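Residue-level structure breakdown
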Amino acid sequence: MMKLQLALDTLSLKQCLDLVDLLKPHLDIIEIGTPVLLEEGLKAVTEMKRRFPHLEVLAAAKILDAGEYEGGQCFTAGADIVTVLGVSHDTTISGVVKAAKTYGGKVMVDMIDVHDLKKRAIEIDQLGVDYICVHTAFDLQASGANPLAELEVVKGVLINAKAGVAGGVKLATIDAIAALKPEIVVVGGGITNQSDPLTAAKTLKERMSL
């Protein structure tokens, strides 16, 4: 069963908590997005996990260095999953994996701006991570870029890790994405920017289950 991950990027902590409270029947993972982490700090992770202990909480830390230390900070704050960038050194990724093992958490590698996607995915798949997530950058989405082709590439080479997909996922693209059966589908504005977020989340989850 594919998991729906809600990316919370541009809201206050209170708005995040209120929105998750509304949408929780349809969510599997709550992502404390990088902008929220910058604005609120790791207390956002701690509070979200305290309020919704039955949901997985992901800290979108986008770690690039000091993997074991920074990963440990996120896991200690209550994160179930922590992100590290695919462009970071193997040693950094391995450090986050080590922290995950220490704290019983999981590691998602964010492949944003990785240029040789196939080669790097094969390399990272050997490092003990749980998820490798293709990610169309926010700054590129206006040009019409979407992560579907990249998801096909990654799905084709993974042996150990599971695939995730993020970046501009919405109702118009969910059927094509769901057909490739990624483990995790990340949706941000496709839910949070809608006039009726509850219906959007419910419909997306239903379409992922077809």
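To start, this report covers the structure provided alongside it. (Residues numbered from 1 in each chain as written. Predicted model: local features only at pLDDT ≥ 70, side-chain atom pairs only at ≥ 80, totals over all residues. Heavy atoms only, no water.)

The phi angle at Lys62 is positive, at roughly 50 degrees, despite the residue not being glycine. As for its placement among the helices and strands, Lys62 is situated in strand S3 (residues 56-63). Residues other than glycine seldom take positive phi values, yet Ala66 does so here, at roughly 50 degrees. Mapped onto the secondary structure, Ala66 falls in the loop between S3 and helix H4 (67-76). (Helix = DSSP H or I, 4+ residues; strand = E, 2+ residues; numbered from the N terminus.)

Summed over the entire model, instances satisfying the criterion amount to 0 disulfides. Just so you know, Cys16 is unpaired, no disulfide at all, and the nearest cysteine sulfur is the one on Cys74, 16 Å from it. Residue Cys16 is classed as buried on the basis of its relative accessible area of 1%. On the basis of relative accessible area, Cys74 is assigned to the buried category, the value being 5%. (Disulfide = S-S within 2.5 Å. Buried < 20%, exposed > 50% of the residue type's maximum accessible area, 1.4 Å probe, protein only.)

For the rest of this paragraph, the subject is the pattern of salt bridges. Scanning all chains against the criterion turns up 14 salt bridges. With a closest N to O distance of 2.7 Å, Lys119 and Glu123 form a salt bridge. With Lys119 and Glu123 both in helix H6 (residues 117-124), this residue pair falls 4 residues apart, about one helical turn. Under the relative-accessibility criterion, Lys119 is labelled partly exposed at 48%. (Salt bridge = Lys/Arg side-chain N within 4 Å of Asp/Glu carboxyl O.)

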